Amino acid sequence: MLKLFWGICIFLMTTECMKYNYKNSNNLFNNHKINKKQFFIKSRLSLDTLKDNHTYDIRTWTKLRIKRYTNKKSNEVYSFINDKNTNLETENRRKKIIIANWKCYLLKEEAYKLIDKLTQIKFSNYIDVIVSPNLLFLPYLHEKIKQNNSKISPCSQDVSLVNGLGAFTGETTANLLHELGINYTIIGHSERKKGFFNVGENIEQTALKVYNAINSKLKVILCVGENYTNRECSFPFQRFRELLSLIKQKIPKEEIKNIIIAFEPRFAVGTGNPVSSSNLNNCCFDIRRAILDEIDENTSKCIKIIYGGSITKSNVQDYIENTLIDGFLIGKSSIDETFIDIIKHVDNSHHV
């Protein structure tokens, strides 16, 4: 009886503490004297409401989920850290990724001239530089990388829905790209999803391409955000969650965490209207939360998120200083020597 009595007492005390913690969790955002990690329980719905009703900096959020209660699966524990700068500095020490997507902007002579210059520049190990020219120029890029002992990685702009060898007229399979010496491929770009005079790529096809690429030992740069058309609204993540759900059915978690997520909102791509740093931080938070929910916590922490959309030499510093992104996917600003300036700027900013 005594054990039962003490058990009931402990249960009641725990319940009251949880209720008190829940009621006062919002005060964390108004208390500027917090020095330690403080944990509070919030349902997903409550967290979304919290995001809408409170002004906060995404850098204050760290570990998205510490523990999931078995008896209340809708409740999750979140941590809040008042020290913003420490977290930002730690995140910004991660290696930055700079990707050039030349699309079909350059003719042969222009492309070869830029490849010659790019493969001769030197940069530190704090950054990775990836160049994605038109398919016709990949062999020349690969040759010059070897000739100049360059650290640049060649990248394809897309892969076929089919893989391996066979009667696939007009297709370029992931298997053939890997044999050529290509390291990366872009998949799911908004222009592929929109389509050219035909029906665009759907999420099932995107997931299949991801599987083909990883199965052929290519590293994937997965583009998302094409359905984010209004900067005044929050990013609609349902399609991204559906894509993750399809990918995890065929690809193991240890491979998924090596995918690079390229966030490219439609309203920012090629418009000269880039996403603000604060909005970008919020979107990165939501991307990681979606990965956490669909895959797991480790993948959410390890996966790299880069941004693409009207990146220029003049705005890249703002993103370096004020966001938690891991790099940039650059379109039109990558088709001339401006791209070399961006590489040097990011490199110098990152390891100074």
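Preceding block: the structure.
Residues numbered from 1 in each chain as written. Predicted model: local features only at pLDDT ≥ 70, side-chain atom pairs only at ≥ 80, totals over all residues. Heavy atoms only, no water.

### Overview of the pairing of strand β3 (residues 96-101)
Consideration 1: Within β3, six of the six residues are buried, leaving the element largely enclosed by the surrounding structure.
Consideration 2: By the alternation rule, side chains of β3 split into Lys96, Ile98 and Ala100 and Ile97, Ile99 and Asn101, which are all buried.
Consideration 3: Two elements, β3 and strand β4 (residues 127-132), share six bridges in a ladder whose sense is parallel. Counted as the bridge partner of Ile98 is Val129 from β4.
Consideration 4: Each parallel crossover has a hand, and for β3 linked through helix α4 (residues 108-118) to β4 it is right-handed.
Consideration 5: For β3 and strand β10 (residues 327-330), the ladder comprises four bridges, and the chain directions are parallel. Among the inter-strand pairings, Ile97 is bridged to a residue of β10, identified as Gly327. (Buried < 20%, exposed > 50% of the residue type's maximum accessible area, 1.4 Å probe, protein only. Helix = DSSP H or I, 4+ residues; strand = E, 2+ residues; numbered from the N terminus. Pairing = 2+ DSSP bridges. Right-handed = clockwise from strand over helix to strand, strands pointing away.)

### Re the environment of Ser190
Consideration 1: Inspection of the secondary structure puts Ser190 in helix α7 (residues 190-194).
Consideration 2: With 76 residues separating them along the chain, Ser190 and Arg266 place their C-alpha atoms 7.5 Å apart.

### Section: unusual backbone geometry
Consideration 1: The backbone phi angle of Lys103 is positive, close to 50 degrees, even though this residue is not glycine.
Consideration 2: Checked against the element boundaries, Lys103 lands in the loop between β3 and α4.
Consideration 3: Of note in this structure, Asn149 is not a glycine but carries a positive phi near 50 degrees.
Consideration 4: Relative to the elements of secondary structure, Asn149 occurs in the loop between α5 (138-147) and β5 (153-156).

### Observations regarding the packing of aromatic side chains
Consideration 1: Per the stated rule, a full pass over the model turns up seven aromatic pairs.
Consideration 2: When the centroid spacing of 5.2 Å and the interplanar angle of 80 degrees are considered together, the rings of Tyr228 and Phe267 count as edge-to-face. Taken together, the positions of Tyr228 in the loop between β7 (219-224) and α9 (238-250) and Phe267 in the loop between β8 (260-263) and α11 (277-294) put the pair 39 residues apart, joining distant regions of the chain.
Consideration 3: What makes Phe267 buried here is its relative accessible area of 13%.
Consideration 4: Geometrically, the ring pair formed by Tyr319 and Phe328 is tilted, given 6.3 Å between the ring centres and 55 degrees between the ring planes. Neither residue differs from the other here; Tyr319 and Phe328 are each classed as buried.
Consideration 5: Within the aromatic cluster, the residues linked to one another by ring pairs are Tyr112, Phe137 and Tyr140. (Phe/Tyr/Trp six-rings, centres within 6.5 Å; stacked < 30°, edge-to-face > 60°.)

### Description of the pattern of salt bridges
Consideration 1: In total, this model carries 16 salt bridges according to the counting rule given.
Consideration 2: Across the pair Asp296 and Lys253 runs a salt bridge, and its minimum N-O distance is 3.7 Å. Here Asp296 is found in the loop between α11 and α12 (297-302), whereas its partner Lys253 is found in helix α10 (residues 253-256), with 43 residues between them in sequence.
Consideration 3: Assessed through its relative accessible area of 45%, Lys253 is described here as partly exposed.
Consideration 4: Between Lys313 and Asp341 there is a salt bridge; the shortest N-O distance is 3.5 Å. With Lys313 in the loop between β9 (304-307) and α13 (316-322) and Asp341 in helix α14 (residues 338-351), the pair connects residues that are 28 residues apart, well separated along the chain. (Salt bridge = Lys/Arg side-chain N within 4 Å of Asp/Glu carboxyl O.)

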